[in-house]
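Each chain, written out:
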2 protein chains.
Amino acid sequence: MIHANTRTKMRANTAQLRPALDLVLERIVDVPPELVWRAWTTPEHLMKWFTPAPWKTVACEIDLRPGGVFRTVMRSPEGREFPNIGCYLEVIENERLAWTNTLEGGFRPTISSTVCGEDAFFAFTAVISLAPHGEGTRYTAFVMHGDEASAKRHEQMGFEEGWGKALEQLVAVAKQM
Amino acid sequence: MIHANTRTKMRANTAQLRPALDLVLERIVDVPPELVWRAWTTPEHLMKWFTPAPWKTVACEIDLRPGGVFRTVMRSPEGREFPNIGCYLEVIENERLAWTNTLEGGFRPTISSTVCGEDAFFAFTAVISLAPHGEGTRYTAFVMHGDEASAKRHEQMGFEEGWGKALEQLVAVAKQM
């Protein structure tokens, strides 16, 4: 009991929902949290499910600790590559994984010209939360933005469909682990 | 020994110097790390030294945990107020304190229009490191930026003089604790 309290106190302060700024995907999936965690934190597994087909994830680097880099490269069906760089903020095994694209490895800010450019960049912090649910998992992806325009842009890019489809792929991969 | 190793492994990945992008202030001060830490992490103390006089720090909010808010308001000699909002990334008591202004409390990105605006904003992550040095402290302020323009802007604003003067004020405050 003391241990549980201690951990609660030590948890980072995350996940205060602001509906105008945030996007949330919550699903019950029929694989346990341990497998969902492995699918999110092992490059070999992540590359199989991370991008909704026919897009592919062709590279992945994971340094699983606060301040560690989380880098992926997505490839479009036409062969164009899109690198994504981020930084882990919170790593609680089998339970919560948070990262942001405003920082890269070592908590260094991502280049500000990228932030201000006209490409598809928008700042976000994502928090994946897992909780046991029967034999499966209650899965919540909580994505925070700094302004409504970024949240809207992310939503219009197909957040719900894209993250939902990727999650289905994740579950299929987890079942084969 | 095992404890020391464990902590080393659990440390976040910070502080990889890139000279073109970073600013560093290193000093030996004659107060112990515990007092420097208190001066940095207690609003009552911080407000006394944080801004080089005649500037003042007129408000301070500290939620001392990863994801916790670090907010200050500075007031110029002419009475103009400048709020600063940031988010703690790493908190190792008496040893290391890291925060960034690219995120606010709860790891939420700061508003992107602020990042791209023409005011004085530039993205940074600061890491304050303390180590015992005789009766005093080896004090290192390591400030990372995402591009050379931001580092240069920070330097031209008087990083070395400003942070150095604030540190002198900190030491004076610490000696009266």
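*Asks:* Requested: an account of unusual backbone geometry, with residues and values cited.
*Replies:* All names here are of chain A. Here the residue pair Ala-53 and Pro-54 is connected by a cis peptide bond, since its omega of 10° sits within 30 degrees of zero. Tracing the sequence through the fold places Pro-54 in the loop between helix 3 (43–49) and strand 2 (56–62). Positioned with a positive phi, Phe-107 is a non-glycine residue whose angle comes to about 65°. Tracing the backbone through its elements, the reader meets Phe-107 in the loop between strand 5 (96–100) and helix 4 (112–116).

*Asks:* Now, about the sheet that holds strand 7 (residues 136–145) of chain B: what can you tell me, with residues and values included?
*Replies:* Residues and elements named next belong to chain B. The sheet built from seven strands is open, its strands ordered 1-7-6-5-4-3-2 with antiparallel pairing. If you trace the sheet from one side to the other, it starts and ends with strand 1 (22–29) and strand 2 (56–62), each paired once. With direction set aside, neighbouring strand axes in the sheet form an average angle of 20°. Its contacts with the sheet place helix 6 (residues 159–175) against strand 1, strand 5 (96–100), strand 6 (124–133) and strand 7, and it is angled at close to 30° to strand 1.

*Asks:* Report on helix 5 (residues 148–156) of chain B, specifying residues and quantitative values.
*Replies:* Residue and element names in this part refer to chain B. For helix 5, every residue scored as buried is listed here: Ser-150, Ala-151 and His-154. The arc that holds every buried residue of helix 5, seen down its axis, measures 100°, which confines them to one face. Pointing more than 90 degrees away from the buried face of helix 5 are the exposed residues Ala-149 and Gln-156. Two residues or fewer after helix 5 comes Gly-158, characterised by a positive phi angle close to 100°.

*Asks:* So what about the confidence of the model for chain A? Which residues, and what values?
*Replies:* A low pLDDT means the predicted coordinates there should not be read in detail. For chain A, mean pLDDT is 84; residues scoring 70 or higher make up 85% of the total. Across residues 1–11 of chain A the pLDDT falls below 50, and counting only partners more than four positions away or on other chains, this stretch makes seven contacts in the model.

*Asks:* Kindly report on the packing of aromatic side chains, identifying the contributing residues and their values.
*Replies:* Residues and elements named next belong to chain B. Counted according to the given criterion, the structure contains 18 aromatic pairs over all chains. Measuring from centroid to centroid gives 6.0 Å for Phe-50 and Phe-70, while their planes differ by 70°, and the two rings are edge-to-face. Note that Phe-50 is positioned in the loop between helix 3 (43–49) and strand 2 and Phe-70 in strand 3 (residues 69–75), a separation of 20 residues in sequence. The residues Phe-50 and Phe-70 share a single accessibility class, namely buried. Taken together, a centroid distance of 5.0 Å and an interplanar angle of 45° make the contact between Phe-159 and Trp-163 tilted. In this pair, Phe-159 and Trp-163 both sit in helix 6, four residues apart, roughly one turn of the helix. The pair formed by Phe-159 and Trp-163 is uniform in burial state, with each residue classed as buried.

*Asks:* Residues and numbers for the side chain of Gln-169 of chain A, please.
*Replies:* Residues and elements named next belong to chain A. With respect to the helices and strands, Gln-169 occurs in helix 6 (residues 159–175). The exposure class assigned to Gln-169 is buried, which follows from its relative accessible area of 18%. Setting aside residues no more than four positions away along its own chain, Gln-169 makes contact with Trp-49, Thr-51, Pro-52 and Ala-53.

*Asks:* Now, about the environment of Leu-21 of chain B: what can you tell me, with residues and values included?
*Replies:* Along the chain, the position of Leu-21 of chain B falls in the loop between helix 1 (2–10) and strand 1. We classify Leu-21 of chain B as buried; its relative accessible area is 7%.

*Asks:* Please set out the pairing of strand 2 of chain A residue by residue, giving values where relevant.
*Replies:* Residue and element names in this part refer to chain A. Direction of pairing for strand 2 relative to strand 3 (residues 69–75): antiparallel, over a ladder of six bridges. Within strand 3, the position partnered with Glu-61 by the bridge is Arg-71. Between strand 2 and strand 3, which pair antiparallel in sequence order, lie six residues; one of them, Gly-67, sits at a positive phi of approximately 90°.

*Asks:* Hey, could you go over the state of the cysteines for me, with residue numbers and the actual values?
*Replies:* Formally, a disulfide is one covalent bond, and it connects the sulfur atom of one cysteine to the sulfur atom of another. For the structure shown, the criterion picks out zero disulfides over all chains. There is no disulfide at Cys-60 of chain A, and the cysteine sulfur nearest it, in Cys-87 of chain A, is 15 Å away. As a non-bridged cysteine, Cys-87 of chain A has Cys-87 of chain B as the owner of its nearest cysteine sulfur, 11 Å distant.

*Asks:* Run through the environment of Asn-84 of chain B, naming residues and quoting values.
*Replies:* All names here are of chain B. You can see Asn-84 is positioned in strand 4 (residues 81–92). A residue is classified by how much of its surface remains accessible, and Asn-84, at 31% relative accessible area, is partly exposed. Separated by 13 residues in the primary sequence, Asn-84 and Arg-71 place their C-alpha atoms 5.7 Å from one another. Those residues in contact with Asn-84 that lie beyond four places of it in its chain are Phe-70, Arg-71, Thr-72 and Met-74.

Procedures and definitions
Residues numbered from 1 in each chain as written. Chains lettered and ligands numbered in written order. Predicted model: local features only at pLDDT ≥ 70, side-chain atom pairs only at ≥ 80, totals over all residues. Heavy atoms only, no water. Helix = DSSP H or I, 4+ residues; strand = E, 2+ residues; numbered from the N terminus. Pairing = 2+ DSSP bridges. Axes fitted to C-alpha atoms, helices over the stretch in contact; angles between N-to-C directions. Contact = heavy atoms within 4.5 Å. Buried < 20%, exposed > 50% of the residue type's maximum accessible area, 1.4 Å probe, protein only. Arc of directions from axis to C-beta. pLDDT = per-residue confidence, 0-100. Phe/Tyr/Trp six-rings, centres within 6.5 Å; stacked < 30°, edge-to-face > 60°. Disulfide = S-S within 2.5 Å.

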